[in-house]
Amino acid sequence: MRPFDYAAPATMTEATQLLRDVAAAPLGGGTDLLPLMKDGLVEPSRLVDLRRLPGLESIEPVAGGLRLGALVTLDRIESDDAIRTGFRLLAEAASAASSPQLRNMGTLGGNLCQRPRCWYFRGGYRCFRAGGDACYAVGGENEYLAILGGDPCYIVHPSDVGPALIALDAQIALQGPDGRRFVQAEDFFVGVKESLTRETVLEPGEIVTHVELPAQPSGARGTYLKAMDRGAWSFALAAVAAQLALDGGIVRDARIVLGGVAPTPWRCPAAEQALVGATLSGTTAALAAARAVEGAQPMSRNAYKVDLARGLVERALARLMPDRGSG
Ligand SMILES: Cc1cc2nc3c(=O)[nH]c(=O)nc-3n(C[C@H](O)[C@H](O)[C@H](O)COP(=O)(O)OP(=O)(O)OC[C@H]3O[C@@H](n4cnc5c(N)ncnc54)[C@H](O)[C@@H]3O)c2cc1C
């Protein structure tokens, strides 16, 4: 591992100054960054530890919603009463990520900014994502990779929390050398047509400081389902974050976001349109699920993900039917 400086600023001004260095990296829980450094995939000259910064560990009520600091850990998201009551799908998504030990260390900000798990990228290949000129997954071992939005780089975004935040219409607060800005969670992730080497809109020196969850409409209920190749401690083969607003059995609003199938969390507007205004039933769930995977272009070894994602959407919607008592 290349030698690096370590700094633990106590103020945001100091942190911003320290992060101005082009080769500086913000450090949250370190569960992704440190393995990347050990493998030589990133080589920061300075780690800027965010954990002494004030106010980034809090969960606060704001205008009927919640504001979560970027340093809130995944296990707190999983167990916090206000999140479990009002934003259940986020608690479910956090609890589906990795293992209890990693959730105890891993932060919200770090989870959104973690790097992809494609084994060619992580294995040191000079692929697009590593600044090279090929995607080795196309003719290679592509079973865990993208079926939607992939061309020309077929990574899948590894975050379980990202799809949940988009389904909840969250905003992400960023702080950088030029000040503060907010982006919708949906606009935070960058697809492969925009960039082959980064996964978020973060500019150099910018960090995530907070996530704001807006008040949800009346009748809101949501759930997160994830399929893995073993019972726990695995990234999603496919996942779905589904958030509906129901009036009786009628769907007034719907947000359906897939995880584990595309380079970004993948919103499914056609599925949402199939639901809004309809009575939530097995038939509408099946139609929406089919729409969710429209346009999928599987590679040689990952066609199974099309059926998997479709099945997860259908099951998630069945779970949200009024007589199931979910919320
Ligand atoms: C074995 C294993 C299994 C895992 N399984 C899953 C899983 O199933 N689902 C899932 O979602 N995740 C999974 N993860 C990833 C883990 O949950 C995330 O690594 C964790 O949430 C990252 O948080 P962290 O605070 O440790 O990030 P760090 O490792 O500290 O940082 C990760 C990246 O984000 C940057 N960063 C950190 N904080 C900020 C910030 N506030 N603003 C801007 N940039 C920042 C860092 O510079 C780095 O590039 C797994 C990880 C491992 C090692």
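Residues numbered from 1 in each chain as written. Predicted model: local features only at pLDDT ≥ 70, side-chain atom pairs only at ≥ 80, totals over all residues. Heavy atoms only, no water.

Caption draft 1: Highlighting the side chain of Gln-114. With respect to the helices, strands and loops of the structure, Gln-114 is situated in the loop between helix H7 (108-113) and helix H8 (119-122). At a separation of 3.1 Å, a polar atom in the side chain of Gln-114 contacts the main-chain carbonyl oxygen of Asn-111. Excluding its chain neighbours within four sequence positions, the residues that come into contact with Gln-114 are Asp-32, His-157, Pro-158, Ser-159, Glu-199 and Phe-235. (Helix = DSSP H or I, 4+ residues; strand = E, 2+ residues; numbered from the N terminus. Polar contact = N/O pair within 3.5 Å; in protein donor to acceptor, adjacent residues only side chain to side chain. Contact = heavy atoms within 4.5 Å.)

Caption draft 2: Expanded view of a nonpolar patch on the surface. Together, Met-1, Phe-4 and Tyr-6 make up a nonpolar patch on the protein surface, roughly 340 Å² of accessible area in all. Examined against the element boundaries, Tyr-6 turns out to sit in strand E1 (residues 5-7). (Patch = residues over 30% accessible without salt bridge, like charges linked within 9 Å, V, L, I, M, F, W, Y side chains within 5 Å. Areas by Shrake-Rupley, 256 points an atom, 1.4 Å probe, with all protein chains shown as cover. Salt bridge = Lys/Arg side-chain N within 4 Å of Asp/Glu carboxyl O.)

Caption draft 3: Summary view of helix H13 (residues 304-319). With 16 residues, H13 extends 23 Å between its outermost C-alpha atoms, agreeing within 8% with the 22 Å of an ideal straight helix rising 1.5 Å per residue. Those residues of H13 that sit buried are Lys-305, Val-306, Ala-309, Leu-312, Val-313, Ala-316 and Leu-317. In a view along the axis of H13, the buried residues occupy a sector of 135 degrees, so they form one face of it. Tucked inside the fold, the buried residues of H13 contact strand E9 (220-227), strand E10 (238-247), strand E11 (250-259), helix H11 (269-275) and helix H12 (282-292). (Expected span 1.5 Å × (residues − 1). Buried < 20%, exposed > 50% of the residue type's maximum accessible area, 1.4 Å probe, protein only. Arc of directions from axis to C-beta.)

Caption draft 4: Up close: unusual backbone geometry. In this structure, Pro-152 follows Asp-151 across a cis peptide bond, with omega equal to 10 degrees. In the Ramachandran plot, Asp-169 falls in the positive-phi region, its phi being about 60 degrees despite a non-glycine side chain. Tracing the backbone through its elements, the reader meets Asp-169 in the loop between helix H9 (161-167) and strand E6 (171-176). With a relative accessible area of 33%, Asp-169 lands in the partly exposed category.

This is a description of form; function is not addressed.
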